[in-house]
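Per-entry structural report
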Amino acid sequence: MWALDPYDGKVYAYKTADESRDTDKGFDLHPDNDDPKGMWGDGETMYVTDLTDDKLYLYSIVGVNTLVKNTGQALLTNAANLRTATPALAVSFTTGSDSAGYEPDYYGFRFGSSVPGSSDFTVTLNEDDGGEPSMVVCTLINPASYAADAVNTFTAPGACGTLTVSTTYFVVMTRGPPPPGRWPT
């Protein structure tokens, strides 16, 4: 059984036997699907309508597993890291235990009231090397423009491949082009 929560942008799964939440199968809606109106499914795909943009969003529910959810991070009130000689912000995450691995789709960043130019930042997915960002796995695709006080979606190209099970990675935002090859330490 599935339930859409339009207030937090999630679809929750429930076990029919005891009506408890099935936390392995719920998923977050795409950031552009921010005004969901209704949903239905056919056993393989969940269809969610959006009232504002008048679109239908499709989500695969076969073997649904959330790669990572790293929301609720502390607000960065000092963006000095993005103004230094090697400007960067990085956040780590660890993939789950699904033996099939994980294919990244997108990463969202919320900017405050000051919106940068569309080419000001580069966002990369990096390997972990002892708790520090290391080799670049792939470079994400920037949104066409940034929105203030909203989640901005950086899309993962197919070149990101499948991420390894139970492995730590970093999402790194740099001002300007990405560092060549290995992340500077």
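Details of the structure are given in the entry above.
A brief look at the structure comes next. Since this is a predicted model, take the numbers as computed values, not measurements.

About the criteria used
Residues numbered from 1 in each chain as written. Predicted model: local features only at pLDDT ≥ 70, side-chain atom pairs only at ≥ 80, totals over all residues. Heavy atoms only, no water. Pairing = 2+ DSSP bridges. Helix = DSSP H or I, 4+ residues; strand = E, 2+ residues; numbered from the N terminus. Axes fitted to C-alpha atoms, helices over the stretch in contact; angles between N-to-C directions. Contact = heavy atoms within 4.5 Å.

Focus: the sheet that holds strand S6 (residues 55-60)
- Spatially, three strands are ordered S4-S5-S6 in an open sheet, and the strand pairing comes out antiparallel. Every interior strand has two partners, whereas the edge strands, strand S4 (36-41) and S6, have only one. Ignoring strand direction, the axes of neighbouring strands in this sheet form an average angle of 25°.
- With six bridges connecting them, strand S5 (residues 45-50) and S6 associate as antiparallel partners. Residue pairing for S6: Asp 50 is matched across the bridge by Lys 55.

Some remarks on the pairing of strand S1 (residues 2-5)
- Bridging between S1 and strand S2 (residues 10-13) involves four bridges; their strand directions are antiparallel. Paired with Leu 4 across the strands is Val 11, a residue of S2.
- Here S1 folds back onto S2, and the loop between the two strands holds four residues, one of which, Gly 9, carries a positive phi near 65°.

What to know about the environment of Met 46
- Tracing the backbone shows Met 46 in strand S5.
- As a C-alpha pair, Met 46 and Tyr 57 span 11 residues in sequence and 8.2 Å in three-dimensional space.
- For Met 46, the contacting residues outside a window of four places in its chain are Trp 2, Phe 27, Met 39, Trp 40, Gly 41, Tyr 57, Leu 58, Tyr 59 and Ile 61.

These results come straight from atomic positions and should not be treated as a statement about function.
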